[in-house]
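Chains, contacts and geometry: an overview
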Amino acid sequence: MIESVQTGNAQSGTITDQKVRSIELLISGLLRGGALASLVFIFAGALLIFIDHPNYLRSPEKLHQLLLPGAIFPHTIADVGREVLQLRGPALVMVGLLLLIVTPVLLVAVSILMFAYQRDRDFVMITFLVLMLLVTSFLLGTTEHSPTSAPANQRGKGMDVKVGSAVGSGQWAENPRQIRGGKG
Amino acid sequence: MTPLEFLLLVFSLSVGAGMFGALLGLGGGIIIIPVLTLLLKVDIRYAIGASIVSVIATSSGAAATYVKERMANFRVAMFLEVATTAGALTGAYLAGVVSRKWLYIIFSLVMGYTALMMFRNRSMGTAAEAPPDCLADRLRLHGSYQDPFFGQVSYRVTRTRIGLGISYIAGVLSGLLGIGGGPLKVPAMNLAMQLPIKAASATSNFMIGITAATSAGVYFSRGDINPFVAAPVAVGVLLGSTIGSHLLAHLRSSVLRIAFVGVLLWISIQMLLKGLQ
């Protein structure tokens, strides 16, 4: 595309190029901004955690409580929101992680607006379709996980990760059986 | 180990995972999950939750650089993302119907074959002759990037339909088996659509974050994202992938291809073992 800009119809080409560039810079900035905001919350939360629990610096026993099943930390939006207002460290860290998670979805939404602004009708449709599919799979993933859902329960044995992975994650080794298989 | 030592150790290992993921267009779960479970005895659920966060962090850290430097092809990414997400939805529906045992074996063979193809083409530069593709022209998918070895590298995207098809299959497989699309999408973009390997890896990096973000919501609500495990991973991987993304341009494509072949073979063997169990 750059080639055609440099050779052929220079004027219209440059305008298109500038438009594309502005999208790219916006997307890049959004990703960086999301990551930085996330880091700020994570570090603030970590600081609070160590202020509240000075023994985390010394005591090895505490570690197991934090890593084993049943560890206590907020995992609903409501809990996170409430505990952030109480300035609790784990909740602040969670806000940081949630910001990181939301950034790519936000990116897709913003790019729809950018393509619309540039009257790139094909790509407005493409990005809109992506957003709709993302929202659908998110909703399906959530409902499928509800305890009343039979398939999710059937798959509970050793495949309890299936529901989440069913929505399509970006990496391969998220199946617990894989690890167990590796061990023996 | 005290909690502070644990955090610092997970952080440092995650920097390495982030660099690795940023260079190869994969999520870094290959490293994160075994390290957390086998080495540090973290509960598998928290390890998986952390690895999902790692995928997003890899993508956010690396893609910011790649999009800015035009290494990632933003338009190709969005174009293929349609097929990947649709595939993931299909996979979620098929999950209860299809036998996983055979899927693992088939997938393993596909991976092995892909590794072979990438190995045979390891010294192939950018596409010599790209068959014209009217969809790629219409959607202006062609791109170019700056390479320290060759200067400005321009490439023409081709075989968009095959690319869409493979991305769809990658999505279905990730829905069925919990295997991310990265290992399939990079070869699809490189071998079929004729994106240079660096562009393919960078574009895949951009895409995996979008796909993983949707599943991350589910992991969060299930309580699998333990801040004590996921946060040091996120911080380390963000740093590592940002560093890695600046290294990509300076690596030789042949080195990148060989590394990718190694990862494909590794995944292929793992899948085969699971299928034969």
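Our subject in this report is the structure included herewith.

Scoring rules and cut-offs
- Residues numbered from 1 in each chain as written.
- Chains lettered and ligands numbered in written order.
- Predicted model: local features only at pLDDT ≥ 70, side-chain atom pairs only at ≥ 80, totals over all residues.
- Heavy atoms only, no water.
- Core = buried A, V, L, I, M, F, W, Y, C linked by side-chain atoms within 4.5 Å.
- Buried < 20%, exposed > 50% of the residue type's maximum accessible area, 1.4 Å probe, protein only.
- Contact = heavy atoms within 4.5 Å.
- 1 Å grid on protein atoms, 1.4 Å probe; cavity = no way out; pocket = protein on both sides within 12 Å on 5 of 7 lines; lining within 4 Å.
- Points joined across faces, edges and corners; volume = space filled by probe spheres on them.
- Helix = DSSP H or I, 4+ residues; strand = E, 2+ residues; numbered from the N terminus.
- Nonpolar A, V, L, I, M, F, W, Y, C, P; charged D, E, K, R; others polar.
- Axes fitted to C-alpha atoms, helices over the stretch in contact; angles between N-to-C directions.
- Parallel < 35°, antiparallel > 145°, perpendicular 65-115°, else oblique.
- Left-handed = near helix turned anticlockwise from the far one by under 90°.
- Buried area = accessible area lost by both parts, 1.4 Å probe.
- Salt bridge = Lys/Arg side-chain N within 4 Å of Asp/Glu carboxyl O.
- Polar contact = N/O pair within 3.5 Å; in protein donor to acceptor, adjacent residues only side chain to side chain.

**Things to note about the nonpolar core**
- Counting 72 residues, the largest nonpolar core has Leu107 of chain A together with Met78 and Phe206 of chain B as the members making the most contacts within it.
- Apart from residues lying up to four places away in sequence, Leu107 of chain A is in contact with Ile27, Leu30 and Leu31 of chain A together with Phe74, Met78, Phe206 and Ile210 of chain B.
- The next biggest cluster of nonpolar side chains, apart from the first, holds 53 residues, and it includes Leu66 and Leu100 of chain A together with Ala216 and Ala231 of chain B.

**Section: the layout of surface pockets**
- If you add up the space inside the largest pocket, you get close to 400 Å³.
- Surrounding the largest pocket, 19 residues form its lining, His53, Tyr56, Leu66, Ile72 and Pro90 of chain A being those nearest its centre.
- Listed by contribution, the elements that provide at least two residues to the lining of the largest pocket are helix H2 (10-52), helix H3 (61-67) and helix H5 (89-117) of chain A together with helix H10 (227-247) of chain B.
- Its residues assigned to classes, the lining of the largest pocket shows 11 nonpolar, 4 polar and 4 charged.

**Topic: empty space enclosed by the protein**
All names here are of chain B.
- This model, assessed by the stated rule, comprises 5 cavities of 30 Å³ or more.
- A volume near 50 Å³ is recorded for the second largest cavity.
- Lining the second largest cavity are Val10, Leu13, Ser14, Ala17, Ile31, Ile32, Val35, Leu36, Leu40 and Val233.
- Looking at the lining of the second largest cavity, the elements with two or more residues in it are helix H1 (3-24) and helix H2 (29-39).

**Brief notes about the packing of H5 of chain A against helix H4 (residues 74-94) of chain B**
- Their axes nearest at 13 Å, the elements H5 of chain A and H4 of chain B cross at an angle of 115°. Classified by the angle their axes make, H5 of chain A and H4 of chain B are roughly perpendicular. The chirality of how H5 of chain A crosses H4 of chain B is left-handed. Here Leu107, Val108, Ser111 and Phe115 of chain A of H5 of chain A come into contact with H4 of chain B, specifically with Phe74, Arg75 and Met78 of chain B.

**Things to note about the interface of chain A and chain B**
- At the interface, 92 residues of chain A touch 101 residues of chain B.
- In total, chain A and chain B occlude about 8,200 Å² of area from one another, counting both sides; carbon and sulfur atoms represent 70% of this.
- Linking chain A to chain B there are 4 salt bridges.
- Linking Arg140 of chain B and Asp120 of chain A is a salt bridge whose minimum nitrogen-to-oxygen distance equals 3.3 Å.
- Taken together, the links from chain A to chain B amount to 11 residue pairs in polar contact (both at pLDDT 80 or more).

Functional significance is not addressed by these values, which are geometric in nature.
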